[in-house]
Amino acid sequence: MQREVTSGQTAAEVTTRRAALYATTLTSFLTPFMDSGANVALPEISRQFGMDAVVLSWVRMGYLLAAAIFLVPFGKLADIHGRKRVYAYGTVIFTLAALTTGLSTSTTMFLGARVLQGLGSAMIFGTGVAILTSAYPPSDRGRVLGINVAAVYLAASLGPSIGGVLTAHFGWRSIFAVSVALGTVALWFISTRLRGEWAEARDERFDLPGSLIYAVSLVALMLGISRLPGVTAAGLAAAGVVGLGVFAGWEMRARVPVLDIRLLGSNRTFAFSNLAALINYAATAAIAFLLSLYLRYIKGLDAQTAGLVLIAQPVVQAIFSPLAGRLSDRIEPRIVASAGMSLTALGLVLLVLISPTTPLWAIILRLGLLGFGFALFSSPNMNGIMGAVDKRLYGVASAMLATMRLMGQMLSQAIATLLFALYIGRVEIAPQNYPQFMAAAKTAFAIFAVLCGFGILASMARGRIRQA
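Everything numeric here is computed off the predicted structure, so don't read it as measured data.

### Remarks on the overall build of the protein
Assigned secondary structure in the protein consists of 19 helices and zero strands. Across the 468 residues of the protein, 56% fall into the buried class. Look at the contacts in the protein between residues 6 or more apart in sequence, and 82% of them connect residues 24 or more apart. As displayed, the protein has an accessible area near 18900 Å², and 68% of this comes from carbon and sulfur atoms.

Put into structure tokens, the structure is as follows:
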């Protein structure tokens, strides 16, 4: 029997809320931790299986594509069949896939397990935020969402350093062993402490044709973006955009759509909050990539020292995200999120001014400013999205937000890749083209700053969530 957690004071309800917070925080930490930690071990993985550069790129691309394809469909399935059920299955799949990855004996086995990890990740991220939103009352929503966001960025900051230590002392397979252990603990919380179920759209049917159109279109778009520049890549990206337009038309006519496109037209807060999220990720996801190259090539730092410098941004974000979430419980989320986007834009403008002689302390201060801006934006914006829809749409809203994150990350990386091709060309970064690298990086930061300007407008345009 369906049971919906309310704002009651019973011990069972308190236990359910805590279990929801512990489990979702753990899985929100687990997935980016494993992903970022595995990136450090790519050279060792490549040598283990004899992967060339193209195949090696699919270690991450296969994961991202699977996650992006299945996020929205599983968000809808969770609304229909139960968020806890889909979330639990997703955690099981992710954990078993991590085990398989760690035990892989061939390239095919390894890449197949990575795709399954992406599937499990989609089921987790398409439901975890929705479960938190369902379990906690609106007065506490910003606080717990802030904790959830903090877990994501804490994992992003610890993943490379811990992954490096594990790889150096125990081999790359140990990264996946740790992921299995964390997934097992999360499953224990889900199975023994998380009571009840949430399925407000239980009587609705699943839109399979719409899901297939969405999947094919997103694959074409993301493959095209990831391979820019090039005629074939541009054609794929264009086909993906056209396909998403077809998908939108189909969903507008569908009686029970997998993604209620009409919500974007009728719910201003939901539409502009998601647009702001897409812009934010598109403007920020490649920052660490560009600065890591700057620190290694231009500043001449070793990998460990560069990692210590870069950790400033996610650490600041992890510290302030819960506080920003709590603040958005008291102040309109659009105000807090817009302030965060403004600070991010300022940080990007300051990055445009960096040079080979910029001292490290100045880089660290810029990263700290960016981390604070990210914190003020992320959890309040998430609070705004989840607070703008009806309970029966929590799964779809959660999945939509996660999709905005993935697409924004791809767009950000595509901008950086395109600028490298235009300024540097298809050659290795070497001292003779350091000036071209600096020009490409600074142009990217300038474009990202402009994007943040549009993001501020989108964030402010969402309107009020709370009544005066």
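### So, the nonpolar core
Ranked by internal contacts, the top residues of the largest apolar core, which has 76 residues, are Phe110 and Phe270. Take this core: its biggest share by element is 10 residues, from helix H18 (residues 394-423). Excluding its chain neighbours within four sequence positions, the residues that come into contact with phenylalanine 110 are Ile45, Phe49, Met51, Val59, Thr101, Ser104, Trp172 and Phe176. By size, the runner-up hydrophobic cluster in this structure holds 40 residues, among which are Tyr294, Leu348, Leu419 and Ala440.

### Quick look at the packing of helix H4 (residues 83-102) against helix H8 (residues 173-192)
The N-to-C vectors of H4 and H8 enclose an angle of 155°; their axes lie 8 Å apart at closest approach. The angle between H4 and H8 places the two elements in the roughly antiparallel class. Of the two possible hands of crossing, H4 and H8 adopt the one that is left-handed. Contacts between H4 and H8 involve Lys84, Tyr87, Ala88, Thr91, Val92, Thr95, Ala98, Leu99, Thr101 and Gly102 from the first element and Arg173, Phe176, Ser179, Val180, Gly183, Thr184, Ala186, Leu187 and Ile190 from the second.

### Notes on the packing of aromatic side chains
The tally for this structure, following the rule as stated, stands at 12 aromatic pairs. With a centroid separation of 6.2 Å and 90° between ring planes, the pair formed by phenylalanine 110 and phenylalanine 176 is classed as edge-to-face. With a gap of 66 residues between them, phenylalanine 110 in helix H5 (residues 107-125) and phenylalanine 176 in helix H8 connect regions that are remote in the sequence. Classification of phenylalanine 110 by relative accessible area gives buried; the value is 0%. Here the aromatic rings of tyrosine 297 and tyrosine 434 are separated by 6.2 Å at their centres, their planes lie at 55°, and the arrangement is tilted. Highlighted residues: tyrosine 297 in helix H13 (residues 287-298) and tyrosine 434 in helix H19 (residues 434-460), separated in sequence by 137 residues.

### Some details on a nonpolar patch on the surface
Together, Val92, Leu96, Leu99, Leu103 and Met109 make up an exposed nonpolar region whose accessible area comes to about 420 Å². The biggest single contributor to the nonpolar patch is H4, with three residues. Counting through the fold element by element, leucine 99 comes out in helix H4. Classification of leucine 99 by relative accessible area gives partly exposed; the value is 39%.

### Some remarks on helix H6 (residues 128-135)
Think of an α-helix as turning once every 3.6 residues; residues three or four places apart then point the same way. Of all eight residues making up H6, eight are buried, and the element is well covered by its neighbours. Among the residues of H6, those classed as buried are Gly128, Val129, Ala130, Ile131, Leu132, Thr133, Ser134 and Ala135.

### With respect to the environment of asparagine 39
Among the secondary structure elements, asparagine 39 is positioned in helix H1 (residues 11-40). Exposure remark for asparagine 39: the relative accessible area of 31% places this residue in the partly exposed category. Taking the C-alpha atoms as reference points, asparagine 39 and valine 59, 20 residues apart in sequence, are found 8.8 Å from one another.

### Concerning the environment of proline 137
Summarising the element assignment, proline 137 is placed in the loop between H6 and helix H7 (138-170). Among the residues examined, proline 137 registers a relative accessible area of 15% and is labelled buried. Residues proline 137 and arginine 17, 120 residues apart in the sequence, show an inter-C-alpha distance of 9.9 Å.

### Points about the packing of H13 against H19
Two elements in contact, H13 and H19, have axes whose closest approach is 11 Å; the angle formed by their N-to-C orientations is 155°. Between H13 and H19, the interaxial angle falls into the category roughly antiparallel. In this structure, the crossing between H13 and H19 has a hand that is left-handed. For the pair H13 and H19, contact is made by Ile287, Leu290, Leu291, Leu293, Tyr294, Tyr297 and Ile298 and by Tyr434, Phe437, Met438, Ala444, Phe445 and Phe448, respectively. Looking at the contact of H13 with H19, its residues break down into 13 nonpolar, no polar and no charged.

### Looking at H5
With 19 residues, H5 should cover 27 Å at 1.5 Å per step; its first-to-last C-alpha distance of 27 Å lies within 8% of that length. Buried within H5 are the following residues: Phe110, Ala113, Arg114, Gln117, Gly118, Leu119, Gly120, Ser121, Ala122, Met123, Ile124 and Phe125.

### A short note on the confidence of the model for the protein
When the pLDDT values of the protein are averaged, the result is 81; 89% of them are 70 or greater. Ignoring residues within four places in sequence, the model shows residues 1-8, a span with pLDDT below 50, making 27 contacts including any to other chains.

### With respect to the environment of lysine 84
Mapped onto the fold, lysine 84 is located in helix H4. Using a relative accessible area of 19% as the deciding quantity, one classes lysine 84 as buried. For the pair lysine 84 and isoleucine 131, spaced 47 residues apart in sequence, the C-alpha separation works out to 7.2 Å.

Definitions and cut-offs
The residue numbers shown here count from 1 along each chain, following its written sequence. Local features in this predicted model are restricted to residues whose pLDDT is 70 or higher, and side-chain atom pairs enter the listing and the counts only when it is 80 or higher, whereas totals over whole chains, interfaces and linings include all residues. Note that the side-chain values use all heavy atoms of the structure and ignore hydrogens as well as water. Numbering of helices and strands starts at the N terminus; helices are DSSP runs of H or I of at least 4 residues and strands are runs of E of at least 2. Burial status follows relative accessibility: with a 1.4 Å probe on protein chains alone, a residue under 20% of its type maximum counts as buried, one over 50% as exposed, and anything between as partly exposed. Contacts: residue pairs with any heavy atoms within 4.5 Å of one another. Only the protein chains shown count as cover for residues, and all accessible areas are computed by the Shrake-Rupley method using a 1.4 Å probe. In plain words, nonpolar cores are sets of buried Ala, Val, Leu, Ile, Met, Phe, Trp, Tyr and Cys residues tied together by side-chain atoms within 4.5 Å. Simply put, an axis is a line fit to the C-alpha atoms, just over the touching stretch for a helix, and the angle between two N-to-C directions goes from 0 to 180 degrees. Throughout this description, any angle smaller than 35 degrees is read as roughly parallel, any larger than 145 degrees as roughly antiparallel, any in the 65 to 115 degree range as roughly perpendicular, and the remainder as oblique. A crossing counts as left-handed when the near helix is turned anticlockwise from the far one by less than a right angle, and as right-handed when that turn is clockwise. Under the pairing criterion, centres of Phe, Tyr and Trp rings, with the six-membered ring standing for Trp, must be within 6.5 Å; the plane angle then separates stacked pairs below 30 degrees from edge-to-face pairs above 60, leaving the rest tilted. A patch consists of residues whose relative accessible area exceeds 30% and which take part in no salt bridge; residues with like charges are grouped when within 9 Å of each other, and nonpolar side chains (Val, Leu, Ile, Met, Phe, Trp, Tyr) when within 5 Å. For this document, the term salt bridge refers to a Lys or Arg side-chain nitrogen within 4 Å of an Asp or Glu carboxyl oxygen. For this classification, the nonpolar set comprises Ala, Val, Leu, Ile, Met, Phe, Trp, Tyr, Cys and Pro, the charged set comprises Asp, Glu, Lys and Arg, and every other residue, Gly included, is treated as polar. In this analysis, the expected span of each helix is defined as 1.5 Å times one less than the number of residues it contains. Per-residue confidence from the prediction method is given by pLDDT, with values spanning 0 to 100.

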